[in-house]
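# Analysis of the macromolecular model
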Amino acid sequence: MKSRHLVFLGPPASGKGTQGRRLADDQGLAYLSTGALLRQALRNQTELGERARPYLDRGEFVPDEIMVPMVLEWVGHQENGWLLDGFPRTLPQAEALDEALSEEPRAIILHVPDEELRRRVACRLECVDCHRVAREGEGPTCPTCGGRLEPRADDASSNFENRLQEYRRLVLPTISYYCRKGRARIVNGTGSPDEVYGRVKG
Ligand SMILES: [Zn+2]
């Protein structure tokens, strides 16, 4: 039987969001991106949203004591299966999620070598006007605002290295946790989106 509770993990630029959404659509699972959840909490000025705001304003990760109740509240409203993208990020988050559930989630981990991630980020184009990141094959103008697409600013590469380091520091222990529990499946994330999805689907 396929698990109806999935968590999707992978480094920045691994294609995790695209693949996770597609899998959720295919299997009729509710899809949660923690980024979208945070933006919604800010818009609605919820108590947790207001507590998260200063961290987001400083570009920092939102701490577990805010993130965990926010996601568990969402999970508690779901009547069917779900797929989480961007959570759990840390080991305490993974443990809190397990404790809260009767059916423990299974993890899908998208693995892409660092060199390939760097290549992807270097080739990514961004709109000079609205800063939307272009998808593969888009161009030469921004589909949203018609602005010019250009490679992302130089500081993007050091920014990316920071995110990659943060990922290793926080998420690798989480991945080990799911592996030890026999609830992880590692998927090769290289190749075209369709090739990767063929493996994700399993
Ligand atoms: Zn634009």
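As shown above, the structure is provided for reference.
Residues numbered from 1 in each chain as written. Predicted model: local features only at pLDDT ≥ 70, side-chain atom pairs only at ≥ 80, totals over all residues. Heavy atoms only, no water.

Listing the buried residues of helix α5 (residues 91-100) in full gives Q93, A94, L97 and D98. For α5, the buried positions fall inside an angular range of 135 degrees around the axis, keeping them on one side. (Buried < 20%, exposed > 50% of the residue type's maximum accessible area, 1.4 Å probe, protein only. Helix = DSSP H or I, 4+ residues; strand = E, 2+ residues; numbered from the N terminus. Arc of directions from axis to C-beta.)

The next subject is helix α8 (residues 193-201). Residues spaced three or four apart along an α-helix point in a common direction, a consequence of the helix completing one turn every 3.6 residues. What α8 keeps buried is the set V196, Y197 and V200. End-on, the buried residues of α8 take up no more than an arc of 100 degrees, which puts them together on one face. In this structure, the buried side of α8 is in contact with β1 (5-9), α1 (16-27), β4 (106-111) and β7 (184-188). Of the residues one or two after α8, G202 is the one with positive phi, at around 75 degrees. (Contact = heavy atoms within 4.5 Å.)

Axis separation between helix α2 (residues 34-43) and helix α3 (residues 47-57) bottoms out at 8 Å; the angle between their running directions is 115 degrees. Comparing their axes, α3 and α2 come out roughly perpendicular. Remark: the crossing between α2 and α3 carries left-handed chirality. Together, L38, A41 and L42 of α2 and G49, E50, A52, R53 and L56 of α3 make up the contact between the two elements. Residue composition of the contact of α2 with α3, by class: five nonpolar, one polar and two charged. (Axes fitted to C-alpha atoms, helices over the stretch in contact; angles between N-to-C directions. Parallel < 35°, antiparallel > 145°, perpendicular 65-115°, else oblique. Left-handed = near helix turned anticlockwise from the far one by under 90°. Nonpolar A, V, L, I, M, F, W, Y, C, P; charged D, E, K, R; others polar.)

A few words on the sheet that holds strand β3 (residues 82-85). Spatially, the five strands line up as an open sheet ordered β2-β3-β1-β4-β7, and their pairing is parallel. Of all the strands in the sheet, the pair left with one neighbour each is β2 (30-33) and β7. Ignoring strand direction, the axes of neighbouring strands in this sheet form an average angle of 20 degrees. With five bridges joining them, β4 and β7 adopt parallel strand pairing. (Pairing = 2+ DSSP bridges.)

What follows covers the coordination of the zinc ion. Note on the zinc ion: its protein donors are C127 (SG), C130 (SG), C142 (SG) and C145 (SG). The metal-donor distances range over 2.3 to 2.4 Å. Taken together, the four donor atoms surrounding the zinc ion define angles of 101 to 116 degrees at the centre, an arrangement classified as tetrahedral. Motif for the zinc ion, donor spacing along one chain: C-x2-C-x11-C-x2-C. Taken together, the residues C127 in strand β5 (residues 125-127) and C145 in the loop between β5 and β6 (149-151) connect sequence positions 18 residues apart. You can call C145 partly exposed: its relative accessible area is 41%. (Donors = N, O, S within 2.8 Å, 3.2 Å for Na, K, Ca; no water. Tetrahedral: all angles 85-135°; square planar, octahedral: opposite > 155°, others 65-115°.)

Distances and angles like these do not, on their own, reveal function.
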